[in-house]
Structure formats: structure tokens, C-alpha cells
Amino acid sequence: MALDGIRMPDGCYADGTWELKMHVTDLHRDVSLRVTGEIHVGGVMLKLAEKLDVKKDWSDHALWWEKKKTWLLKTHWTLDKYGIQADARLLFTPQHKLLRLQLPNMKHMKVKVNFSDRVFKAVSDICKTFSKSDVLSTLTIMHLSYQRVLYSLQWSIYSSPGLYSKTMTPTYDSRDGSPLSPTTAWFGDSPLSEGNPSILAVSQPISSPDILAKLYKPQSLLDKAKINQGWMDSSRSLMEQDVKENEVLLLRFKYHSFFDLNPKYDAIRVNQLYEQAKWAILLEEIECTEEEMMMFAALQYHINKLSIMSSDNHMNNSEKEVDEVDAALSDLEITLEGGKTSNTLGDITSIPELADYVKVFKPKKLTLKGYKQYWCTFKDITISCYKSKEEAHGTPSLQMNLRGCEVTPDVNISAQKFNIKLLIPVADGMNEIWLRCDAEKQYAHWMAACRLASKGKTMADSSYNLEVHNILSFLKMQHMNPDPQFIAEPAVTNDINSECLVSPRYLKKYKNKQISARILEAHQNVAQMSLIEAKMRFIQAWQSLPEFGITHFLAKFQGGKRDELIGITYNRLIRMDANTGDAIKTWRFANMKQWNVNWEIKMVTVEFADEPSLAFICAEVDCKVVHEFIGGYIFLSTRAKDQNESLDEEMFYKLTRVRD
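Counting starts from 1 at the beginning of each chain's written sequence and moves along it residue by residue. This being a predicted model, a pLDDT of at least 70 is required before a residue's local features are given, and a value of 80 or more before pairs of side-chain atoms are given or counted; all residues contribute to the totals for chains, interfaces and linings. Side-chain calculation: all heavy atoms of the structure are included, whereas hydrogens and water are not.

Under the convention used in this document: UniProt positions are given in the numbering used here, feature names are shortened, and annotations may be inferred rather than shown by experiment.
Named according to an unreviewed UniProt entry, the chain is FERM domain containing kindlin 2 originating from Oncorhynchus kisutch. Reading the Sequence similarities (unreviewed entry) entry of the UniProt record for the chain gives the comment "Belongs to the kindlin family."

Structure below.
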């Protein structure tokens, strides 16, 4: 005992103990404890609580090693096993902290989140809080996008008064007295919310064009790629990624691979998907034609009107409303492959075929030749082109296998242009072929067949008729007078705030009255839709856009001399020109054998079954982000479409985390 107080030159005491410095964040106090390396973490916290002598529930507290960015959650581990010595400084802090989230509808809320959980788990808990079930978190994974710099222009709206509830630490539900979830949300002081997450199923119109003006708008594909630098690492906690309490983070749908959307049970998810789609279009994060923009504006206008009209009784009558349109919406349920199984085809004993005159164009450099008409047959996944119908039993002049091709629409309703752009993979890149159809019905059938063939499916697939129906519906909603100068001004347009319904480029091109007239004309095509059907139609139209679901990253490909883009979708990788966005080469996940990451040089290598491997270095982004997108989509593709299937977190981590 005589040696207890003798301190050695290395800071340790003669009896083998040493001082462990800790800071208690709740009390703003620094505390030192005499410990040895053999004491376990749980013992340290017990000794600390005894020394503080404060009557307080410390059960949510844990030790955080600031220097190593590590939570000491394994309380049975000793300090020696963690590698903690006398020079360490630990924080004794709550694991659950407040976080400010911007939701897809651009509204803000405060959430109490576990900062020691992996982000994947934290987001799942947030989604359960919203939906009172696991549907939101399991069927579509939502992630935190962490973008301090890129979205700095938005910070001014976060400090608006009245955003957050004055009651910051509720313990029990005021309605039934049950304990609140460990992840607790505050939805603001609005009389609509009353702490009820069902408010997230209600769409609120944009109140002022100034809101749009303040938000960041990507001006190029490179800007879109920079936005995607901000996705957080799902396998690490918020604290490990330097997120502070009360930090502002963006909550977005990350993976554009949606399991069945059922409007009866997914009202929140449907509305938040609609909101994310709406803002992506208004901020020009995804390209669309002028006619498509007016169609989206008309749907927004219709949804806004119905939302305002039903604000008092919408939640009470939603079940009845859904039942009335349930049959129609069954064809709009969005699955991994873009449509649900339908029995409308009946028993099929042979594979359907298409045969018709179609104009074909093979663009080449320095060529002035236009489209040439062929008699084309579409069998299985192959298009064969003949000079005439009579020669259809002979050798085709041109034959195309569409497996793995890129299919892009080029449609202008007013000009009666119905083109299909095909990029067909070959050994040295992609062959570009254009098909021109004469009418909407022909275009719908050929486009649907091309989309299925690109996935290796034939027209015998049960989703073919649904795909044709969806394409025709999408085209029908775009019908309108093409020239706004000859559209009579509507008698009443006071309720149309056109500046909040279209993207800035059209506000520069047309006057507000002209845009309002175009919107009203387009609205005639959607005026009979119910609220939930209009939202589902909006989501479906969003999915039909050529750029939908492509996440861009700047990359340098092996053998390439300049930076290009790698695009990642739910089923393929796309090498793209950074300036034009044109696809140079496509690789399907179905053909992938494995992928590896060299973390030192940030190189991703992908091996395929029957073609050369792909290698690229991630530029301006952590390759963990790219790695997680690839692994995440593969994870989603392995999940069965079973509402009761539990979320396999470990499988997700196995596919997405950094491998030692």
C-alpha cells in the first residue's frame, strides 16, 4: 500500500495502476479514474457512475474513444484488449442523440437516433418509427446522404422558427401510455402533425418559387456525380463518420429498386417516393422532354388540388378511396422488374412475335443517310430485318440480339416521333441502332418487347402486356396542343402556381400564362384520377424516364486516358461519356462472376462470365460508396417478394462492407 501514490516517469503508478481520463458530456465534467489494463469496460463505467454520485439513468450511456473513432460497446473486453492506455481520453456519452433530418418532401424533423448503431440499422429504426412496421425499411432501403458542402445553399432554411416541437424528451405515448420507440421523431408544431407520422403520407404543395430558387441544381452530369459523393457508409455508425448531435442530414431513397408498392399499406412510402421524384424533376436532377414536364406538372397540380380538398378527411377516407381504385392500381405496383405478375396472358403454348414495317437507322460518322424501311420480325430476343415482307423466309439483311442492350425512348407526341434507340453490346463497345415506329400502338409493343429482350426475356413473359399498357398510358397523359402561343388563356388560373410546377428552364422559355394553359390542357388527361392513383402514375412516369435509376460516379477506366462516368443501376453497370452521357459499354449484373476492391488505389475490378473484366479507379469519391451501390443492388435482387421476409442485415454487410 505504500507504493499506491508513487507515480513513475511513464505516468503509471508503482502499483501498476494508471489514470484514465474521461469526459462526461451530460455534466460537462472531466473525471479521472485509477485503473489497470485488466479491468473490463463495464467495470470502468460502473466505477465512473459511483464516482459521479449523481442520481441518473446511465443505461443509454457508453464510452467513445475519440482518437480512434470507436465505440467501446463490448463491455466484457478489457482496456488492454481495446489497446487503451494512459494517453487515451474517453467520452462517457448517450448513444441516442438528436439528429435533424430533411425528408424527401424537403420537410424537416428531429429524430432521436442511436449514434452507436451502424447506419443501416439506424435508418431501419427511423423507417419503423415512420411506418409503425418494418415495411418502409425492408422493402426500400432509405439512406442518409451527408452533404455539408454541396448543399450549403440549403442551410438557411434549417433554422426557420417553428420547425421543431417544444417537447423534446417524451418518454411515453400521450395517447395510449405505451413506451415510445428508442428512435423517436418530432414532426413539428404544425396542427396537422400532432406527433402523428401519418402526416408523412400527405403531400403539401410548394408554397413559393423562392424555395426552388434556393435549392442546389446540378448543371451537368459531373455535378450529378458530385452529389453522389455524400452517401454515408452503411456499415459504420454515425459517430464513426464524424456526425455530430443536431447535424443536418438528408434522408433519401438510395436504391431505385422498389418492391411491391401497395397503396393500402404503403401510403407513407408512396408519398415520399412521389415527393423525391417531384423534386428530382423540378431541380433537373433527371432529364425529361417538354411534353413530359407538362404532364408531370399536370399531375402535381391535380395532386395538390386533391390534397388540399381532402386535408380534413383524407386519412379517414383513404381506405375507401384505395378500395375503389384497387383494381386499376394492381397494374401499377412497382416491383424489382418493373411490374407484378399478371394472369391476363392466360395459358401460353408459344412465344408471341411481332412483325411489321419499321424504319431502321444505323448512325455513322460523316453519314447523311436517313432511316431505311425494313420488314422486321421480333422473335424471342432477336430482331431480324428484311428488305420486304416477301423475303422474310430468307436471310435477313440485318439481325440484332438485344440481350444486355440499352433501350432509350426518343418520343415527341406533337411531332408524331416514336423512336427507340438501341445500344447493342459487341466485343469492342456498343453498336447504335435506331428504330422508328409509325404510331403509338406500334411503338408501345416494340418498346415493351425491346425492354424485356434487354433483360433476356421474351414476349411470353407475364409482364409484357402490362409494359405495353404502361407505355400507352404514359403517352396518353402527354397529349396536348404543342404550341402554347395558340392556346387560349384559361378563364381562371389563379389556383395554378406554374412557377412551382415546372423546372426553371421552362420558366425562362415561356410566360407563366402560357405554362398555366399548357398545364390545364394536360390536366384533362388526369383529371379523373384519385389522389393515390395520381401519385402512383407520377412514380410510374418517373420510372419511364431514360435516366431513371442511374447513379453517376466519376471514374477513370483501365486503359482510358480521361475521366469518364460509371453509371450504376439496379441491374447493370454503364460506362458513359462524361460530357454527353452517352453509353459506351454496358455490363449486366446477371453476367457478373465477382467484384473486388483494391482499397489502397481505390480500384474496383469486376469479372464477368463471358467477356473481359472491367476495372476502374474511383475519382473524387470513396470507392466504398461505389462498392456499396453494387453490393446493395445485388442484395435487393436476392430478396423474395414476400411481405413477411425479415431483413437479413448480415447478408447486406457481407455484400457491402470493407473486406479485411
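Here we look at the overall build of the chain
Stated precisely, the cut-off is as follows: Numbered from the N terminus, helices here are DSSP runs of H or I no shorter than four residues, and strands are runs of E no shorter than two. Residue exposure (1.4 Å probe, protein chains only): buried if accessible area is under 20% of the type maximum, exposed if over 50%, otherwise partly exposed. Between two residues, a contact is recorded if the distance between any of their heavy atoms is within 4.5 Å. To be clear on the numbers: accessible area is Shrake-Rupley with a 1.4 Å probe, and residue cover counts the displayed protein chains and nothing else.
A count of helices and strands for the chain gives 16 helices and 24 strands. For the chain, the proportion of its 660 residues judged to be buried stands at 53%. A separation of at least 24 residues holds for 63% of the contacts in the chain among residues at least 6 apart in sequence. Of the roughly 31000 Å² of accessible surface on the chain, 49% is carried by carbon and sulfur atoms.

Thoughts on the side chain of S463
We count it as follows: Any pair of N or O atoms that falls within 3.5 Å is considered a polar contact. Within protein, one atom must be able to donate a hydrogen and the other to accept it, and sequence-neighbouring residues count only if both atoms are side-chain atoms.
With respect to the helices and strands, S463 occurs in the loop between α10 (440–454) and α11 (464–476). Within polar-contact distance, the side chain of S463 engages the side chain of D461 at 2.5 Å.

Notes on α11
Note the following rule: The span expected for a helix works out to 1.5 Å for each residue beyond the first.
In this model α11 runs 18 Å from its N-terminal to its C-terminal C-alpha over 13 residues, within 8% of the 18 Å that 1.5 Å per residue would give. Taken residue by residue, α11 has Y464, L466, E467, V468, N470, I471, S473, F474 and L475 as its buried positions. In this fold, the buried residues of α11 make contact with α8 (290–309), β11 (354–361), β15 (406–412), α10 and α14 (531–544).

Side note on the packing of helix α15 (residues 623–637) against helix α16 (residues 649–656)
Which entries qualify depends on this criterion: Axis definition: a line fitted to C-alpha atoms, over the contacting stretch in the case of helices. Angles run 0 to 180 degrees between N-to-C directions. The scheme is simple: roughly parallel for angles under 35 degrees, roughly antiparallel for over 145, roughly perpendicular for 65 to 115, oblique for anything else. If you view the pair so one helix is near and one far, a crossing is left-handed when the near helix is turned anticlockwise from the far one by less than a right angle, and right-handed when it is turned clockwise.
Relative to each other, α15 and α16 sit at 135°, their axes nearing to 8 Å. Looking at the two axes, α15 sits oblique to α16. Crossing of α15 over α16 shows right-handed handedness. Residue-level inspection shows K624, H627, E628, G631, G632, I634 and F635 of α15 in contact with α16, the latter providing M651, F652, L655 and T656.

Some remarks on the packing of aromatic side chains
Keep this limit in mind: Each Phe, Tyr or Trp ring, with Trp reduced to its six-membered ring, pairs with another whose centre is within 6.5 Å; inter-plane angles below 30 degrees give stacked pairs, above 60 give edge-to-face pairs, and intermediate values give tilted ones. In this scheme, Lys NZ or Arg CZ marks a charge over a ring once it lies within 6 Å of the ring centre and within 35 degrees of the ring normal.
Here the structure, examined in full by the defined rule, presents 21 aromatic pairs. Ring geometry for Y357 and W375: centres 4.9 Å apart, planes at 75°, overall edge-to-face. Taken together, the positions of Y357 in strand β11 and W375 in strand β12 (residues 372–379) put the pair 18 residues apart, joining distant regions of the chain. Y357 gets classed as partly exposed once you look at its relative accessible area, which sits at 29%. By relative accessible area, W375 is classed as buried at 10%. Three or more aromatic residues joined by ring pairs make a cluster, and in this case those are W231, Y255, F553, F629 and Y633. Taking the ring centre of F629 as reference, the NZ or CZ of K254 above it sits at 4.8 Å.

Remarks on the sheet that holds strand β22 (residues 592–598)
What counts is decided by this rule: Two strands are said to pair when DSSP picks up at least two bridges between them.
If you walk across this open sheet you meet the 7 strands as β21-β20-β19-β18-β24-β23-β22, and the pairing is antiparallel. Looking along the sheet, the strands with just one partner apiece sit at the ends: β21 (583–588) and β22. Each neighbouring strand pair of the sheet contributes to a mean axis angle of 30°, computed without reference to strand direction. Pairing of strand β18 (residues 551–557) with strand β24 (residues 614–618), which is carried by 3 bridges, proceeds in the antiparallel orientation. Along β24, the bridge assignment pairs A555 with C618.

Considering the nonpolar core
Rule in force here: Working definition of a nonpolar core: buried Ala, Val, Leu, Ile, Met, Phe, Trp, Tyr and Cys residues. They are joined through side-chain atoms within 4.5 Å.
The biggest cluster of nonpolar side chains holds 42 residues, and the ones touching the most others in it are I281, F296, V502, I519 and W542. Elements with a minimum of two residues in this core: α7 (267–282), α8, α13 (512–523) and α14. Looking at this core element by element, the count peaks at 9 residues for α8. Each residue touching V502, except ones within four places of it in the same chain, is listed here: L212, L282, M293, M294, A297, L507, I515 and I519. Grouped together as the second largest cluster of nonpolar side chains are 37 residues, F418, C437, Y443 and I471 included.

Let's talk about the packing of α8 against α14
For the pair α8 and α14, interaxial distance at closest approach is 9 Å and the crossing angle is 155°. One way to sum up the angle between α8 and α14 is to call them roughly antiparallel. Pair α8 / α14 crosses with left-handed handedness. Contacts between α8 and α14 pair M295, F296, L299, Q300, H302, I303, L306 and S307 from the former with L531, A534, K535, R537, F538, A541 and W542 from the latter.

A look at helix α1 (residues 41–52)
The first and last C-alpha atoms of α1 sit 17 Å apart over 12 residues, in line with the 16 Å expected at 1.5 Å per residue. For α1, the full list of buried residues reads V41, G43, V44, M45, L48 and L52. As for α1, its buried residues are in contact with β1 (18–24), β2 (29–35), β3 (61–65), β4 (70–72), α2 (79–82) and β5 (89–94). Count one or two residues on from α1 and you reach D53, which has phi positive near 50°.

Side note on the confidence of the model for the chain
Heads up, the condition is: Every residue gets a pLDDT, meaning the predictor's confidence in that residue, from 0 to 100.
This prediction gives the chain a mean pLDDT of 80; 78% of its residues lie at or above 70. Every residue in residues 314–322 is under pLDDT 50, and counting partners more than four places away or in other chains gives 14 contacts.

Looking at the sheet that holds β1
Spatially, 5 strands are ordered β2-β1-β5-β3-β4 in an open sheet, and the strand pairing comes out mixed. Each edge of the sheet is formed by a strand with only one pairing partner; in this case those strands are β2 and β4. Neighbour to neighbour, the strand axes of the sheet diverge by 35° on average, direction disregarded. Note: β1 against β5, 4 bridges, orientation parallel. Counterpart to V24 in the pairing with β5 is F92. Where α1 meets the sheet, it contacts β1, β2, β3, β4 and β5, and its direction lies at approximately 125° from that of β2.

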